[in-house]
Structure formats: structure tokens, C-alpha cells
Amino acid sequence: REMSSSKKRVKVMDYEVELEDGDEFGSTSRNRPKYGMTDEEISTFEREFGIDYDPYYDDPYAEEDLPEDVNFKTDSQYGDRIYANGEIFYKDKAANLYYRQGSKPRISKLW
């Protein structure tokens, strides 16, 4: 649902993780979104950047995985979604996926 422009406090949506029987949160065998990184890619990421992998921020979202119960407006230039609760999902046009604000940076040419 499209919305008009306004400023409000940010309330971040919950990230639900499905666990298989016997798994604990944080287990490397937990289910991640279908576009997430493999366990090997996660290990490389954590080693290379010195920060913990957080699927809430680091996994991309397909359009059907984005919130549907919150009003949003779409940026006309990039296709980003700006939600009424303050969340922003940046669109990666090449992969047709969305990244939560604070994760993958957008590299764009200035000229």
C-alpha cells in the first residue's frame, strides 16, 4: 500500500527464524531466507570484516518477503521501499532483491 510522505519513529519489524527440531537460535544449521549466504560464505564474511553475520540485516529479501501490512512509498528513481514505520528496503535492480537499510551499500556512478 502506498503512503504519503511523513516522518515517524522507526519501529523495526521482527525477523522470524524457523528452527528445526533440536536446533537452537544461532545454530549454523538454522533455516535462512532462500537468498541468504551459505555457512562457508558467512564464515568468510565474519573473518574478512571482523563482525558477526546477522541475517536480519545481511540477508536480501525478495519482493514477496517484504512487509505487506505496513503502508509504503516507492522511490521513483531506484525502486526502494520506504515504509510508514521508518523501515527502508533498498532495491538491487540487477538481482531484483531488496536489502534492509544498514546492510549492503548501493554503489552508483555519480556522472
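Calculation notes
- Residues numbered from 1 in each chain as written.
- Predicted model: local features only at pLDDT ≥ 70, side-chain atom pairs only at ≥ 80, totals over all residues.
- Heavy atoms only, no water.
- Salt bridge = Lys/Arg side-chain N within 4 Å of Asp/Glu carboxyl O.
- Helix = DSSP H or I, 4+ residues; strand = E, 2+ residues; numbered from the N terminus.
- Buried < 20%, exposed > 50% of the residue type's maximum accessible area, 1.4 Å probe, protein only.
- Pairing = 2+ DSSP bridges.
- Axes fitted to C-alpha atoms, helices over the stretch in contact; angles between N-to-C directions.
- Phe/Tyr/Trp six-rings, centres within 6.5 Å; stacked < 30°, edge-to-face > 60°.
- Lys NZ or Arg CZ within 6 Å of the ring centre and 35° of its normal.

Student: How should I be thinking about the pattern of salt bridges in this particular structure?
Tutor: Side chains that differ in sign of charge can pair as their charged atoms come close. Taken as a whole and assessed by the stated rule, the structure comprises two salt bridges. Ionic pairing is found between Arg81 and Glu63, a salt bridge with its closest N-O pair at 2.9 Å. Note that Arg81 is positioned in strand β2 (residues 81–83) and Glu63 in the loop between α2 (55–58) and β1 (72–74), a separation of 18 residues in sequence. Among the salt bridges present, the one from Arg100 reaches Glu87, with a minimum N-O distance of 2.5 Å. Taken together, the residues span a long stretch of sequence, with Arg100 in strand β4 (residues 97–100) and Glu87 in the loop between β2 and β3 (88–92) at a distance of 13 residues.

Student: Sorry if this is basic, but what is going on with the pairing of β4 here?
Tutor: Side chains Leu97 and Tyr99 of β4 all project onto a buried face; the interleaved residues Tyr98 and Arg100 project onto the opposite face, where all are buried too. Counting the residues between successive antiparallel strands, the hairpin from β3 to β4 contains four residues, one of them, Asn96, with a positive phi of roughly 55 degrees.

Student: I would appreciate a short explanation of the sheet that holds β4 in the present structure.
Tutor: Consider a sheet: its strands pair through backbone hydrogen bonds, and that pairing is either parallel or antiparallel. Taking strand neighbours across the sheet as the criterion, the four strands line up as β1-β2-β3-β4 in an open arrangement whose pairing is antiparallel. For this open sheet the edge positions go to β1 and β4, each flanked by a neighbour on one side alone. Each strand of the sheet is rotated relative to its neighbour by a mean of 25 degrees, with strand direction disregarded. Relative to β4, β3 runs antiparallel, the two being bridged by four bridges. Considered in β4, the bridge of Lys91 is made with Tyr98.

Student: Explain the environment of Val70 here, please?
Tutor: Inspection of the secondary structure puts Val70 in the loop between α2 and β1. Looking at Val70, the relative accessible area reads 18%, which means it is buried. In the structure, Val70 is positioned 13 residues away from Tyr83 in sequence and 6.5 Å away in space, judged by C-alpha atoms.

Student: Explain the pairing of β3 to me, please; I cannot follow it from the model alone.
Tutor: For a regular strand, side-chain orientation follows a simple rule: the groups alternate between the two sheet faces. Both β2 and β3 contribute to a ladder of two bridges, which runs antiparallel. Paired with Arg81 across the strands is Phe89, a residue of β3.

Student: Sorry if this is basic, but what is going on with the packing of aromatic side chains here?
Tutor: For any two aromatic rings, the description comes down to two numbers: the centre-to-centre distance and the angle of the planes. Summed over all chains, the structure comprises six aromatic pairs. Centroid distance Phe45 to Phe49: 5.2 Å. Interplanar angle 50 degrees. Geometry classified as tilted. Placement of the pair is Phe45 and Phe49 together in helix α1 (residues 39–49), with a separation of four residues, close to one helical turn. The interplanar angle of 85 degrees and the centroid separation of 6.1 Å between the aromatic rings of Phe45 and Tyr53 together place this pair among those described as edge-to-face. A relative accessible area of 16% places Phe45 in the buried class. Every member of this aromatic cluster is reached through a ring pair, and the members are Tyr61, Phe72, Tyr83 and Phe89. One residue, Arg81, lies across the ring of Phe72, its end atom 4.2 Å from the ring centre.

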